[in-house]
Amino acid sequence: MKSNFLTKTTAILAFAVAPFVTSCSSDDDNNNNNQPDNTIVDIAAADQNFSILVQALDRADLVATLDGDTEFTVFAPTDAAFDAFLDAEGFETVNDVPVAVLREILLNHVVSGTVMSSSLQTGYVKTLARGSASSTNTLSMFINTASGVVINGGAANGGATVTSADIEASNGVIHVVNSVIDLPTVVNHAIANPAFSILVQALTRDDQPDFVGTLSGTANSPFTVFAPTDAAFVELLDELNLETLNDVPQATLQNALSYHVVTEANVLAATLTDNMSVTTFQGGSFTVNLEGGASITDANDRVSNIIVTDVQASNGVVHAIDKVLLP
């Protein structure tokens, strides 16, 4: 076995430490009624480390939103984080960022309700941002609490790490982050969640097409990806009597990966219907079944359960499944 691929045991452990949840609940024991005039905007304006954030909120017309009575959790980038973001994107100042783009990036740092650090748990939450892929489903954020609080896989994956938590406001809470959280693609979501580590290895295997480039872009988007978990890949290896992902033939892997992608469609769970036939990027089709729970029957009559739905990215949506589909 080559060292850059997980063993079956490691794959199972990777899944176990990143269980799927769909939301973070507010900590009802933490309220901010003792700070009636200290809103999220007030706190940011009083801290020189948030000067660019305050400028950005004003430019994007979001001051009133975060200065009112509605409670929010804000993952707030510092000036240093904004400077790094602006430099990487080729902007001189925050005023050079198109307003529509800036607004969505800022909203991607905001979650409804007051969520204290003690209530954060590994899984998905919804931000207030919208990408171009869906008009109804806001972008998802993956929070990993295995070691600190890491958002969307950290800075290297367009995410961030919480460096200071639980700055309480009268209308919510601020958690300071070390990077600006960019709008995630379906690839960013796959990389962020350790439960998809073998899928990422498969997509990036040297003998495969540039799946990452395709699924990171907007050509043929939006995409709908039915993403097998690590446990699903472990089961496939057992089924094929293979030891590692390296042992899967090139054509078999390419066809299988392409078979999990639907192009030019952001297919949300609510739009799935019983006995729905879905044509894939690979060219073949599979059938969606809703009786007894959402599942997929592939071309070989193998059944995979859809275990997590509607993980929204800027260029598509991801649904997690518990079996690798085969065309």
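Residues numbered from 1 in each chain as written. Predicted model: local features only at pLDDT ≥ 70, side-chain atom pairs only at ≥ 80, totals over all residues. Heavy atoms only, no water.

A.B. asks: Describe the overall build of the protein, naming the residues involved and giving the relevant values.
C.D. replies: Within the protein, the regular secondary structure consists of 11 helices and 14 strands. Expressed as a percentage of contacts within the protein between residues at least 6 apart in sequence, the contacts between residues at least 24 apart total 69%. Roughly 13,900 Å² of accessible area belongs to the protein as shown, and the carbon and sulfur atoms make up 48% of that amount. (Helix = DSSP H or I, 4+ residues; strand = E, 2+ residues; numbered from the N terminus. Contact = heavy atoms within 4.5 Å. Areas by Shrake-Rupley, 256 points an atom, 1.4 Å probe, with all protein chains shown as cover.)

A.B. asks: Mind laying out the environment of F91, listing which residues take part and the relevant values?
C.D. replies: Tracing the backbone shows F91 in the loop between α5 (79-89) and α6 (99-107). The exposure class of F91 is partly exposed, given its relative accessible area of 24%. Among all residues touching F91, those that are not within four sequence positions of it are L86, D96, V97 and P98. (Buried < 20%, exposed > 50% of the residue type's maximum accessible area, 1.4 Å probe, protein only.)

A.B. asks: Explain the packing of helix α3 (residues 51-59) against α6 residue by residue, including any values.
C.D. replies: α6 packs onto α3 with a crossing angle of 120° between their chain directions and a minimal axis gap of 9 Å. Considering the angle they form, α3 stands oblique to α6. As for the relative orientation of α3 and α6, their crossing is left-handed in sense. Along the contact surface, α3 presents L53, A56, L57 and R59, while α6 presents V99, L102 and L106. Per-class residue counts for the contact of α3 with α6 are six nonpolar, no polar and one charged. (Axes fitted to C-alpha atoms, helices over the stretch in contact; angles between N-to-C directions. Parallel < 35°, antiparallel > 145°, perpendicular 65-115°, else oblique. Left-handed = near helix turned anticlockwise from the far one by under 90°. Nonpolar A, V, L, I, M, F, W, Y, C, P; charged D, E, K, R; others polar.)

A.B. asks: With reference to specific residues and values, describe the pairing of strand β13 (residues 303-313).
C.D. replies: One ladder, built from three bridges, connects strand β12 (residues 295-297) with β13; its direction is antiparallel. Residue pairing in the sheet places S295 in a bridge with N305 of β13. Direction of pairing for β13 relative to strand β14 (residues 316-321): antiparallel, over a ladder of five bridges. Bridged to Q312 within β14 is V317. (Pairing = 2+ DSSP bridges.)

A.B. asks: An account of the nonpolar core is needed here, citing residue identities and associated values.
C.D. replies: Counting 34 residues, the largest nonpolar core has L199, V225, F233, L245 and L257 as its most contacted members. Those residues in contact with L257 that sit more than four places away from it in its chain are L199, A202, L203, Q208 and F211. In this structure, V41, A44, A60 and V176 belong to the second largest nonpolar core, which totals 31 residues. (Core = buried A, V, L, I, M, F, W, Y, C linked by side-chain atoms within 4.5 Å.)

It is worth stressing that arrangement in space is one thing and function is another; only the former is reported here.
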